[in-house]
Number of protein chains: 6
Amino acid sequence: MYDRFAALRLIDDWLREDIGAFDLTAQLMIDADAVATFHMNAREPIIVAGVEVAADVFTRYEPRCQIERRVQDAERVDQGAILLTVHGPARALLTAERTALNIIQRLSGIATETARYVDALKGTKARLLDTRKTTPGLRMLEKHASACGGALNHRLGLDSGVMLKDNHIAVCGSITAAVARARKAVPALTKIEVECDRLEQVHEALAAGADVIMLDNMSLADMQEAVGFVAGRAALEASGGIRLNTIRAVAETGVDFISTSRPQQSAPSVDIGLDDAV
Amino acid sequence: MYDRFAALRLIDDWLREDIGAFDLTAQLMIDADAVATFHMNAREPIIVAGVEVAADVFTRYEPRCQIERRVQDAERVDQGAILLTVHGPARALLTAERTALNIIQRLSGIATETARYVDALKGTKARLLDTRKTTPGLRMLEKHASACGGALNHRLGLDSGVMLKDNHIAVCGSITAAVARARKAVPALTKIEVECDRLEQVHEALAAGADVIMLDNMSLADMQEAVGFVAGRAALEASGGIRLNTIRAVAETGVDFISTSRPQQSAPSVDIGLDDAV
Amino acid sequence: MYDRFAALRLIDDWLREDIGAFDLTAQLMIDADAVATFHMNAREPIIVAGVEVAADVFTRYEPRCQIERRVQDAERVDQGAILLTVHGPARALLTAERTALNIIQRLSGIATETARYVDALKGTKARLLDTRKTTPGLRMLEKHASACGGALNHRLGLDSGVMLKDNHIAVCGSITAAVARARKAVPALTKIEVECDRLEQVHEALAAGADVIMLDNMSLADMQEAVGFVAGRAALEASGGIRLNTIRAVAETGVDFISTSRPQQSAPSVDIGLDDAV
Amino acid sequence: MYDRFAALRLIDDWLREDIGAFDLTAQLMIDADAVATFHMNAREPIIVAGVEVAADVFTRYEPRCQIERRVQDAERVDQGAILLTVHGPARALLTAERTALNIIQRLSGIATETARYVDALKGTKARLLDTRKTTPGLRMLEKHASACGGALNHRLGLDSGVMLKDNHIAVCGSITAAVARARKAVPALTKIEVECDRLEQVHEALAAGADVIMLDNMSLADMQEAVGFVAGRAALEASGGIRLNTIRAVAETGVDFISTSRPQQSAPSVDIGLDDAV
Amino acid sequence: MYDRFAALRLIDDWLREDIGAFDLTAQLMIDADAVATFHMNAREPIIVAGVEVAADVFTRYEPRCQIERRVQDAERVDQGAILLTVHGPARALLTAERTALNIIQRLSGIATETARYVDALKGTKARLLDTRKTTPGLRMLEKHASACGGALNHRLGLDSGVMLKDNHIAVCGSITAAVARARKAVPALTKIEVECDRLEQVHEALAAGADVIMLDNMSLADMQEAVGFVAGRAALEASGGIRLNTIRAVAETGVDFISTSRPQQSAPSVDIGLDDAV
Amino acid sequence: MYDRFAALRLIDDWLREDIGAFDLTAQLMIDADAVATFHMNAREPIIVAGVEVAADVFTRYEPRCQIERRVQDAERVDQGAILLTVHGPARALLTAERTALNIIQRLSGIATETARYVDALKGTKARLLDTRKTTPGLRMLEKHASACGGALNHRLGLDSGVMLKDNHIAVCGSITAAVARARKAVPALTKIEVECDRLEQVHEALAAGADVIMLDNMSLADMQEAVGFVAGRAALEASGGIRLNTIRAVAETGVDFISTSRPQQSAPSVDIGLDDAV
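Residues numbered from 1 in each chain as written. Chains lettered and ligands numbered in written order. Predicted model: local features only at pLDDT ≥ 70, side-chain atom pairs only at ≥ 80, totals over all residues. Heavy atoms only, no water.

A.B. asks: Honestly, the packing of aromatic side chains in this entry has me stumped. Any pointers?
C.D. replies: For any pair of aromatic rings, geometry is given as the distance between the ring centres together with the angle between the planes. The full count for this structure, using the stated rule, is six aromatic pairs over all chains. Relative to Y61 of chain E, the ring of F5 of chain B lies with its centre 5.5 Å away and its plane at 50°, an arrangement referred to as tilted. With F5 of chain B in helix α1 (residues 4-19) and Y61 of chain E in helix α3 (residues 51-61), this pair bridges two chains. We classify F5 of chain B as buried; its relative accessible area is 10%. The ring of F229 of chain F is capped by R233 of chain F, whose NZ or CZ atom sits 5.3 Å from the centre of that ring. (Phe/Tyr/Trp six-rings, centres within 6.5 Å; stacked < 30°, edge-to-face > 60°. Helix = DSSP H or I, 4+ residues; strand = E, 2+ residues; numbered from the N terminus. Buried < 20%, exposed > 50% of the residue type's maximum accessible area, 1.4 Å probe, protein only. Lys NZ or Arg CZ within 6 Å of the ring centre and 35° of its normal.)

So this is what it looks like as structure tokens:
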């Protein structure tokens, strides 16, 4: 789900941000006609995310850069793996290097951490969902990184789904009224989700015709009961306080989805470097 | 170091990113003339960074939002502390909420983690430096968060300092030649730093007139020797593999600066929420 | 579904487009401190759409403009009805006038024409859907105009739903395989629609788990058979060659949705003028 | 009058608008390395306008798209005519298709309708003029479409001519004073037009030195009298309520120009499709 | 001819350019709540141009700045005259100061120099014209400055007039053919100018129906002859190598316009300062 | 110090500014498939600055333009020297010509004038510094032109150095306190300069640890005394009222830097033309 066209605008902003007026060191020290070749390589085992956008950072800054991509996003690679090789004007490579590394380190960090949660779900029917708790400005790339790690995307933005929470329900008086109001105007291919923190609410949401029901911070027992009661008539999403060591137990209640922002908000950047190709 | 004028452009991009076409839920469910008041509060003890930019997210989206700021950036607050109170059109508050939280959670995470490193330096003369390993698009805000945590900023971008590394030195044949070349054209208020990984290089860089000398991945013994030899004639920056449990030993060698990207690349977002003000 | 924040960026582009270097006539002929009051009024009976964006054109160009809105979008008004009154610097009113009128004339034209189709569906259960055949640059405003006229929005953009057509199905070999592939990665709140032009395809799409099935250019008899067979297990959308004089017959087959681009692609702008308020 | 450089910025906005986060269907269903070839063809007889901008939509989104243009803007083509052939990555073709079609359908609609008015003027000396009543954001392209249909452009924007109306004249006290004020500061290659709705005003405008005199909503008799009196000393533009069935009578009064917004504000989009090239 | 709406976008770019990441000095040294009052004053006698845009620099950066404008653009003021007084947050005033001064110094320099040429024409009928030889990015503001100095604007851009030069004429074979080709498609309120460097060309251009004829680098004698021959049937513009000490002689030949880029390309910035208001 | 990536954004703005809606003359008169070759040449002896950006103007507008660069920025060339040759679509060359010339004329004017000041310093150790008094929007290009003329750049923007002036010192009570405050937070590679207009201040600034001391409008005698006292412990910058005929005497006092805005604010554009290559 990497759209180069959309990414180019971000890349422009990032490069301007790091370069400022101009790269003093590269312009002063590197001759305009010097060329170089660098390998970008993983310094730890990772799930790769961002090899395309990192490549585009170089070619956007200097179209004469030539890229050889060695892996694909979503691949699992070992320490030492070469992700891409870039050849071009040395000055440009040094100017663009930091921006290219910053983004691929962050995205691969998210993919790698996400995969740990996804691995914990193996053998259950539950799918991991990401959230909208992404870094401002990087929504689509971080959603892409989540997908590389094996998660399914939840809402891409406020326009890709209706999510009825306390405030919305309070306005309408009841879950029933809220779902009815939403149904009347929601775009034809968009689903409606209702956030519930008690079982009675799950009953009401199901009756009201919710497409997805969020079980928010419920006990395992309550989740299990909800699964039994709903019996596939709506999708069920467990949410709230999910951790790597608790996620499997949640999955085993039989819910369809488990959502967590942990991999996006807590994953450290992974170590990826750019070295001279000898 | 928060420049609202610069931040507004970022805020525009973030809001567009999250809203997409429009906030389906808020537009469908919340009446245009409903008003609300929310508190933004810390759900764990933190160093605050980003209360101004979070406030600006609300007012930029809807100028009728009124903000009461309860703390200042760089303040240390307890769990439960109210950071700001926002009053305005309910629809706008719900639309802008996620973006405001996403940024303050991340920036406060960086400030809080940075402060742990700074605390470890208490009583030594070493100052913590951040790096350019920031999230693409958030350079200035993350530099600001570092400063809120007590760090000093290293280069803001490629235009705010000359940093001579292996590649640049190789081009000129020697550190001496490289510093001379840089000195000839560097802007008048900008310093030159030389990256050294051996003591002989430190000697050459000092003689060449470097303003700052980076001791890159050196042993504590070598760092101590460099401090003794340089004796204040240039500033010394220790760098490479700095961790919270090793930083104090590095500081005790007598270096002026210790740089690390850890708080920017690994700090988890902290927990900050937005709740109805009853 | 009018998001002012998003609209302001469009308004800026429109004003720059019409003003060019500057409004020669207004700058030469109108004194900078002259003020004026104008009524914007309907010169024929219309369904209003765009009164907010028209008002914002004036205030965006000149924040000192004061607007009194007299009607709400989606209201049906008679010839002569005043839509809004604007008071402010005469020079600004004359400069912004044409842009404000151009947009409200077009949007109200779409709303008014859409309402004719919606009226034709009264008493049936079918809902009118718009399409992505909108004027480039005006997608959201034209979708809003459709909604003002009583239609439900179909996809807002390529990110708000999966639509499987011939090409996509051919890639996967069958509708069954195509739906399975889509289901594996589609965001959690997004539906999948399959375009069918034969009844066998409807059977396969239903079995494959499509959320919505498009009956593309089918005969009334086939549509009726599809309605009977599907029996509410998926939503059915009739599409292709819908006209005002044929739409009711289509609705009476029992389909859930009828989609047409006619009101967006063929509705003439309605007559709305700006006159001195005496 | 198609400036590619200017159009590219619009195309970027259009594509972002339709794609949103990303094209879910194309990204999920179409392999990244699949290629395809499509013909864009006219499904009814039309005057073509927009073949260049439609081609640029594809190449801007994906520079590897190869275009073979089969017709030129302003050509009259039959039903079934191929306008262009596009070959390239299938995913990109499907993503960009709707935007390319939307713009060429609209522009060709305007050109085709404009040509009907121009045909009605054949054999008279009157030239058809368009107006500033264009779709916000599409001014230049719609002006280009008008020209493709055979019309002459009136003002491109508020900076390309002085147009003195009631309000401006009232400020100065008389047409004479208003023209004098305008003449003093109008750029050297820009003309001054005066809007008149009575014959006395025509006399005054001519004496004042107006370059063009608009006969606004005048009777045929009055227009004819104005033509006789002015006798070529200024250009005369008939305006107001022009329809396809009345325009020739107006032309036969001997006016130089006849202006109408009808083809821009009322022309339906024409039917143009994109089909697999077998 | 100052359009604030258009200027704001430029001001944003200028401020970002000067501020970069942030104003280190103001942020470090000036308390956020300090306020100050400054006078902007002329340190030499000048024709003022840019007092509005300079004021807008302050208020755009910080909307709480209050401006008292003491003079109007195009006024002639003595050394020491206060142009405006600005009161607001001290930090903002110091950050925006340089940008505000840079633009008003440059624009007033152009206006002041332009006025010298205009003064030299007093008593003749010739009007001074500016050119398109303006600083990239400042076209409209420099055109405005020219007008403040008393000149008339020539083309605002390539869209505000047709100018037929050697290359264009060569394409068509003759001036006659070139004017005819242009006349067929030029917008209704736009004039056609022909550049001539020999008298025979003037004759041909007049016969062809040129609205304005440029006498390019002609001798005074030839210009006088052209004036006599043309006798008001087209406007005549003298151009080429005009200097302050030669312009009056050119005017006395009876031409209508004299164009020169000297005041735009050679005028030094005038001395305007910002001082504490005690 | 020319960064093409940064320049392209400026070039886009400049071209849009000059072209407006479209280049009427080129579009009407020049066939789309005509090609041409032009030489850009110096019509007087100059120091070239801007040959790269001028070339980029052509290729940015029309990528099919082919450029042969004949000189490098910072070269001194004689009258008649060809700077570049451009070959491509004639229509594009004529449309982009004025913008390309306007920028190279201005930048070369600055470089040429700067070189006169630099020449006057030959044999002294003083380096010429430019200032922030640049044309809004052209900072980096004018800084580049200064460097082409032999000057060293002073601050690139407000983020590339701390400059303590009267206002900042007053806030802190003393130079000593102000420098201490700045030192605590200034980025690690950034210097601090103190503006002094009396010798006592120089003493205090030196003791406070200023990196650079500005001698503002001091007498030659005072400057000489400051040089003797400071004795290399800080860099000294002479500033204020520097003229071409006084600069050498200032240099002979032994200061390190002499700063002046004269070449930027007063240099006339040099004469560079574009001619048919026969």
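Once you've had a look at it, read on.
A.B. asks: Would you mind going over the interface of chain D and chain C with me for this structure?
C.D. replies: Put simply, an interface is often sized by how much accessible area is lost when its parts join up. Contact residues are listed per partner, giving 58 residues for chain D and 58 residues for chain C. On the chain D side of the interface with chain C, the three residues burying the most area are M29, P136 and L158 of chain D, jointly 16% of the side's total. Between the two partners, chain D and chain C, sit six salt bridges. Close ionic contact of D18 of chain D with R132 of chain C constitutes a salt bridge, the shortest N to O distance being 2.6 Å. Seen at the junction of chain D and chain C, the total is 32 residue pairs in polar contact (both at pLDDT 80 or more). At the level of secondary structure, the elements contributing two or more residues to the side of chain D that touches chain C comprise α1 (4-19), α2 (24-29), α4 (90-120), β7 (162-164), α6 (166-172), α7 (175-185) and α11 (262-266) of chain D. (Contact = heavy atoms within 4.5 Å. Buried area = accessible area lost by both parts, 1.4 Å probe. Salt bridge = Lys/Arg side-chain N within 4 Å of Asp/Glu carboxyl O. Polar contact = N/O pair within 3.5 Å; in protein donor to acceptor, adjacent residues only side chain to side chain.)

A.B. asks: Explain the side chain of T114 of chain A here, please?
C.D. replies: Residue and element names in this part refer to chain A. Relative to the helices and strands, T114 resides in helix α4 (residues 90-120). A polar contact of 2.7 Å, which involves the side chain of T114, links it to the backbone oxygen of I110. Once you skip the residues sitting within four places of it in the chain, T114 turns out to touch L128, S146, G149, G150, A151 and P263.

A.B. asks: Can you help me understand the interface of chain B and chain F in this one?
C.D. replies: Chain B puts 26 residues into the contact, and the matching count from chain F is 26 residues. Note on chain B versus chain F: buried area summed over both sides is about 1900 Å², and carbon and sulfur give 61% of it. Three residues, A188, L189 and K191 of chain B, lead the burial of chain B against chain F; their summed loss comes to 38% of the area buried on that side. Linking chain B to chain F there are zero salt bridges. Across the chain B-chain F interface, the total number found is six residue pairs in polar contact (both at pLDDT 80 or more).

A.B. asks: I keep staring at the arrangement of the chains and nothing clicks. Help me out?
C.D. replies: The two units chain B and chain D remain apart, with a minimum C-alpha distance of 7 Å. Taking C-alpha atoms only, the smallest gap left between chain C and chain F, which are not in contact, amounts to 7 Å.

A.B. asks: Just to check I follow, could you spell out the domain arrangement of chain A for this structure?
C.D. replies: All names here are of chain A. What the domain assignment lists for chain A is domain 1 (4-112 + 268-276) and domain 2 (119-266). Centre-to-centre separation of domain 1 and domain 2, based on C-alpha positions: 36 Å. Summed over both partners, the interface of domain 1 with domain 2 comes to about 1100 Å²; 65% of that surface belongs to carbon and sulfur atoms. Sorting the residues of domain 1 by area buried against domain 2 places R106, L107 and I110 first, and these three jointly supply 43% of that buried surface. Our count for the contact surface shared by domain 1 and domain 2 stands at two salt bridges. Ionic pairing is found between R76 and D119, a salt bridge with its closest N-O pair at 3.8 Å. Our count for the contact surface shared by domain 1 and domain 2 stands at three residue pairs in polar contact (both at pLDDT 80 or more). Secondary structure elements with two or more residues in the side of domain 1 that touches domain 2: α1 (4-19) and α4. Looking at the side of domain 1 that touches domain 2 element by element, the count peaks at five residues for α4. When grouped by side-chain class, the residues that make up the side of domain 1 that touches domain 2 number 12 nonpolar, no polar and three charged. (Domains from an automatic or database assignment. Nonpolar A, V, L, I, M, F, W, Y, C, P; charged D, E, K, R; others polar.)

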